[in-house]
Amino acid sequence: MLATLFTVLGIGLLLFFHEGGHYLAARAAGVRVDVFSLGFGPRLFGFKKGDTDYRISLIPLGGYVRMAGEENSSSPDGLLGKSVGWRFLIFAGGILANFLIALIIIPILFAVGVPLEAPIAGPIEAGSPAWHAGILEGDRVLSANDETLHAFRHVSAAVALNEAGSPLVFQLQSPDGQSREVHLAPEYDADAGFARVGMGIPERLVFHPTGPAIDAGFEPTDEITKIGDVVVSNRPAVARLLLSQATRLQRTIEITATSQDGISKTLTLSPTAIDFQDAAPLQIGVFALSNQVAENLAPSTMPFQKGDTIHSVNGQALSTIDDLAEALLDSSRPTFVQYGSPVQDFIMPSGYTPENLYAALHLSQAPGLAVSVRPQSAAFEAGIQNGDCILRANDKPIYSLSNLRQAILPLDLGQELPLSLSRGDETIAIVVQPKLATAFHYGVAREVIEDTVQANGPLHALTLGLSEASRMGLEVVRTLSRVLGGGIDSSNLGGIMTIGVITHSFAEQGWIPLLFFLCMISIHLGVLNLLPIPGLDGGHLMFLIYELLRGKPVSEQAQGMINLAGFLLVISMVIFVTTLDIQRFFS
């Protein structure tokens, strides 16, 4: 409830400061202000003081200051009776307020310390530019194209806003302190709608405040140091693999953690079923089969060729690369692999680790949605087999697990789902009855790794603040440029609903993250209002520059037509981004 209140107050303050900038500039110029409104449309409530009606209006999509003499230059205290310089200051007042507030608050926040997602490589996607460049999970990104980075959002922005076709140069520091430089080219991701390098956000394993781990005797503040015998900080991917493997097989697992006072303890945990609280989703129990070799960067160690299928490992059908990685964890016996067509046998080299495997081998899905079937699942009971390819569900084509989930979503418990499958050269019709999802956990969750960025003095705080504010402003300009150029899909744009949701998430994190985010939005509003779009502040400034250069204003008829076009453009954009907001909300 408190976070919601702070969200409303935060967005309201942004509007207040912007319109307050116009108001103060108008009053300084001697212009009478008739209405100061937060929101548009019908007046909800407010009060009148002097000549001004201060009000809250129905539609919370901005605000406005209505000044005397906006259409009549003969009014002595009217807008059009003032000089070009005063009118320029009045229309620029909101923009200046947006920038000024951010430039004051951001250095103060850096003096206190701002928690930001650490610029550290999280999980690396096989086959991605980061994978090819040899970036490893845990590497810290110090700079991109010589620009110092303080947060993971800076890394993401540097990638997404990098000029298409231009190389990106990262300066990295490994966990052991070694520095190196890598060159990579971001690749456009059609699903995301922007360029990516395949580097996930940095995460660590933590104890959930409730669950088996806490029940067993751990504290929420304990630091997880080992999963089984694997040191989490040194081998994060393998630690997650062990946890995933134990969860899937519902095995007990040993976890070691260190308390805040340095005491280490190891406890054996048993998995507990997740309580979906009567909202368990329906599922049929399949996942995408990823056993086709897309790339092998270590052909001298592993003979797999592009296009080969890895059929089995130690006699068990292979579904994903994790199956092979799990087998490599058991160093007491050779890892026996069958692959290719015709089928060939291969024993993995002694001492080959999951880390070696993840860094060298990229397995992908075969064409179509070939699936692996969970034992005792609805798909298993219906007769679906490993390797079957799902073609249609309810007579609609299925190309991905997402399509399949959409086909299951409308069903009620007990309803059947007709499927069309391909098995070898055959096409098979099968009817499956989805079951309620069952899942298990150990009370271990993932948490984003953060750095607290804090200045070491007032001058450093000011320098950091100015640098961050200018970076925020440039990101807006570059983003708009990339959207217009097609480098970023317009579906990534957001309106007031998206801003509200994100503001709420920052409000839940505390007042420093909230203020930092509001400063970023304030700078974004300032930059957007500088755009020469008729009807916005930038449009008015454009007319005034014309008037200053030509010595006379744009004719009222021309202004009217241009402003109408600008109004239609702005309304169209508002409708567009609001539609995107609604789609995100319901998805």
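The text that follows walks through the structure, step by step, so that each part is easy to find. (Residues numbered from 1 in each chain as written. Predicted model: local features only at pLDDT ≥ 70, side-chain atom pairs only at ≥ 80, totals over all residues. Heavy atoms only, no water.)

## Let's talk about the pairing of strand E28 (residues 426-432)
Here is the rule: A pair of strands is treated as paired once DSSP finds two or more bridges between them. Put simply, DSSP H or I for four residues or longer makes a helix, DSSP E for two residues or longer makes a strand, and each gets a number counted from the N terminus.
Both strand E27 (residues 417-423) and E28 contribute to a ladder of 7 bridges, which runs antiparallel. Note that in E28 the partner of Leu417 across the bridge is Val432. A loop of 2 residues connects E27 with E28, the two strands running antiparallel in sequence, and Gly424 in this loop sits at a positive phi of about 65 degrees.

## Re the packing of aromatic side chains
Short version of the rule: Pairing of aromatic rings covers Phe, Tyr and the six-membered ring of Trp, with a centre-to-centre limit of 6.5 Å; geometry is then stacked below 30 degrees between planes, edge-to-face above 60, and tilted otherwise.
Counted under the stated rule, the structure contains 11 aromatic pairs. With a centroid separation of 5.9 Å and an interplanar angle of 65 degrees, the aromatic rings of Phe16 and Phe36 are classed as edge-to-face. With Phe16 in helix H1 (residues 2-28) and Phe36 in strand E1 (residues 33-49), this pair connects stretches of sequence that are 20 residues apart. Clustering of aromatic rings is evident, with ring pairs tying together Phe16, Phe17, Tyr23, Phe36, Phe47 and Tyr54.

## As for the packing of helix H4 (residues 152-160) against helix H11 (residues 458-485)
Packed helices, taken two at a time, are described by their axes: the angle between them and the distance between them. Quick reminder of the rule: Orientation is described by lines fitted to C-alpha atoms, with helices fitted over the stretch in contact, and by angles between N-to-C directions that extend from 0 to 180 degrees. Handedness of a crossing is defined here by the sense of rotation of the near helix relative to the far one, left-handed for an anticlockwise turn of less than a right angle and right-handed for a clockwise turn. The criterion used for residue contact is that any of the two residues' heavy atoms lie within 4.5 Å.
Running from N to C, H4 and H11 cross one another at 35 degrees; their axes reach a closest spacing of 11 Å. The hand of the H4/H11 crossing is left-handed. Across from Arg153, His154, Ala157 and Ala160 in H4, the residues of H11 making contact are Glu468, Arg471, Glu475 and Arg482.

## With respect to a nonpolar patch on the surface
Our working rule: Like charges within 9 Å and nonpolar side chains (Val, Leu, Ile, Met, Phe, Trp, Tyr) within 5 Å are joined into patches, using only residues over 30% in relative accessible area that form no salt bridge. Using a 1.4 Å probe, the Shrake-Rupley method yields the accessible areas, and only the shown protein chains count as cover for residues. One side-chain nitrogen of Lys or Arg within 4 Å of one carboxyl oxygen of Asp or Glu is enough to make a salt bridge. Using a 1.4 Å probe on the protein chains alone, a residue whose accessible area is under 20% of its type maximum counts as buried, one over 50% counts as exposed, and one in between counts as partly exposed.
Together, Phe40, Leu44, Phe45, Leu58 and Ile59 make up an exposed nonpolar region whose accessible area comes to about 470 Å². For the nonpolar patch, the elements supplying multiple residues, two or more each, are E1 and strand E2 (52-67). Among the elements that take part in the nonpolar patch, E1 stands out by supplying 3 residues, more than any other. Turning to its location among the elements, Leu58 is positioned in strand E2. Leu58 sits in the partly exposed class, given a relative accessible area of 48%.

## A look at the packing of helix H2 (residues 84-112) against helix H13 (residues 511-530)
Cut-off, in case you're wondering: For this classification, under 35 degrees means roughly parallel, over 145 means roughly antiparallel, 65 to 115 means roughly perpendicular, and everything else is oblique. Classification used: nonpolar for Ala, Val, Leu, Ile, Met, Phe, Trp, Tyr, Cys and Pro, charged for Asp, Glu, Lys and Arg, polar for all others including Gly.
In the contact formed by H2 and H13, the axes pass within 8 Å of each other and the chain directions differ by 150 degrees. It follows that H2 is roughly antiparallel to H13 by the angle criterion. The crossing of H2 and H13 is left-handed. Across from Ile95, Asn98, Phe99, Ala102, Ile105, Ile106, Leu109, Phe110 and Val112 in H2, the residues of H13 making contact are Trp511, Ile512, Leu515, Phe516, Cys519, Ser522, Ile523, Leu525, Gly526, Val527, Asn529 and Leu530. When its residues are assigned to classes, the contact of H2 with H13 shows 17 nonpolar, 4 polar and no charged.

## Overview of the sheet that holds strand E22 (residues 344-347)
Spatially, the 4 strands line up as an open sheet ordered E20-E19-E21-E22, and their pairing is antiparallel. Each of the sheet's edge strands pairs with one partner strand only, and the pair in question is strand E20 (316-317) and E22. In the sheet, strand E19 (residues 310-313) pairs with strand E21 (residues 336-339) via 3 bridges, with the strands oriented antiparallel. Considered in E21, the bridge of Ser312 is made with Gln338.

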